[in-house]
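Take a look at the letters that make up each chain.
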Amino acid sequence: MHSVLLSSKKMDWCTPKDLFDKLNKEFDFVIDVSATKETSKCIFYFDPDVDALKQSWNVGGSVFCNPPYGRHISEWVYKAYSESLICDYPIVLLIPARTDTSYFHDYIYGKSDIRFIRGRLCFEYPHGKIAGRAPFPSMIVVYNSKGSNN
């Protein structure tokens, strides 16, 4: 396992293509709000220079977000939750399944659909090579889905 997967210093781990393709087939994403030119899975994306936490995510369609997993992940979860209150379309997060956190209880549990991923994801480098298996379980959080509670 790569030790950098355990840290918040490396921020460009890509969503596994097969997982994204499955989600995209269901949600038809318009934008990837936490990406770079190299890592984006959508034509439209917010990169670090744009700062998605300061932008409206009301872009006329479904939003995908695989945010940095560092110390500021709670800010991304709060942003997704708050955007879901003013938008009608799905906002989908791929994040670690950390059910003991305050942000999980305050902004996810009972306010979204939660899909726990069986096993550990294999993240990718920007050009498709496998980066290694995650040392944590992951979950998909969906705001504004047909089955969500918000």
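Residues numbered from 1 in each chain as written. Predicted model: local features only at pLDDT ≥ 70, side-chain atom pairs only at ≥ 80, totals over all residues. Heavy atoms only, no water.

## Some details on helix α2 (residues 73-84)
So, point 1. If you check α2, its first and last C-alpha atoms are 17 Å apart, about what 12 residues at 1.5 Å a residue would give, namely 16 Å.
So, point 2. Residues Ile73, Trp76, Val77, Lys79, Ala80, Tyr81, Glu83 and Ser84 constitute the buried set of α2. (Helix = DSSP H or I, 4+ residues; strand = E, 2+ residues; numbered from the N terminus. Expected span 1.5 Å × (residues − 1). Buried < 20%, exposed > 50% of the residue type's maximum accessible area, 1.4 Å probe, protein only.)

## Concerning the sheet that holds strand β1 (residues 29-32)
So, point 1. Pairing is mixed in the open sheet, where 6 strands are placed in the order β2-β1-β3-β4-β8-β5. Edge positions in the sheet fall to β2 (44-45) and β5 (113-116), since each has one partner strand and no second.
So, point 2. The pairing of strand β4 (residues 91-96) with strand β8 (residues 138-143) spans 6 bridges and is classified as antiparallel. Within β8, the position partnered with Ile95 by the bridge is Met139.
So, point 3. Across the sheet, helix α1 (residues 17-27) touches β1, β3 (62-65), β4, β5 and β8, and the angle it forms with β1 is around 135 degrees.
So, point 4. On the sheet, α2 packs against β3, β4 and β8 and is oriented at approximately 160 degrees with respect to β4. (Pairing = 2+ DSSP bridges. Contact = heavy atoms within 4.5 Å. Axes fitted to C-alpha atoms, helices over the stretch in contact; angles between N-to-C directions.)

## Some words on the packing of aromatic side chains
So, point 1. The final tally for this structure, using the stated rule, is 12 aromatic pairs.
So, point 2. Considering the side-chain rings of Tyr69 and Phe136, the 5.6 Å spacing of their centres and the 70 degrees angle between planes classify their relative orientation as edge-to-face. Of this pair, Tyr69 sits in the loop between β3 and α2 while Phe136 sits in the loop between β7 (130-133) and β8, and the two are 67 residues apart along the sequence.
So, point 3. Using a relative accessible area of 9% as the deciding quantity, one classes Phe136 as buried.
So, point 4. Seen in terms of ring centroids, Tyr78 and Tyr107 are 5.0 Å apart; in terms of plane orientation they differ by 70 degrees. Their pairing is edge-to-face. Here Tyr107 lies in helix α3 (residues 102-107) and Tyr78 lies in helix α2, a separation of 29 residues in the sequence.
So, point 5. Among the aromatic side chains, those forming a connected cluster through ring pairs are Phe20, Phe27, Phe29 and Phe64.
So, point 6. Over the face of the ring belonging to Phe136 we find Arg98, whose NZ or CZ atom lies 5.4 Å from the ring centre. (Phe/Tyr/Trp six-rings, centres within 6.5 Å; stacked < 30°, edge-to-face > 60°. Lys NZ or Arg CZ within 6 Å of the ring centre and 35° of its normal.)

## A closer look at the confidence of the model for the chain
So, point 1. Here the chain shows a mean pLDDT of 88. Residues at 70 or above account for 88%.
So, point 2. Below a pLDDT of 50 lies the segment residues 1-8, which in the model reaches 17 contacts outside its immediate sequence neighbourhood of four places, other chains included. (pLDDT = per-residue confidence, 0-100.)

## Quick notes on the pairing of β4
So, point 1. Taken across its 6 residues, β4 has 6 buried, putting it largely inside the fold.
So, point 2. Note: β3 against β4, 3 bridges, orientation parallel. Bridge pairing in β4 links Phe64 to Val92.
So, point 3. Taking the sense of rotation as the criterion, the β-α-β connection linking β3, α2 and β4 turns out right-handed. (Right-handed = clockwise from strand over helix to strand, strands pointing away.)

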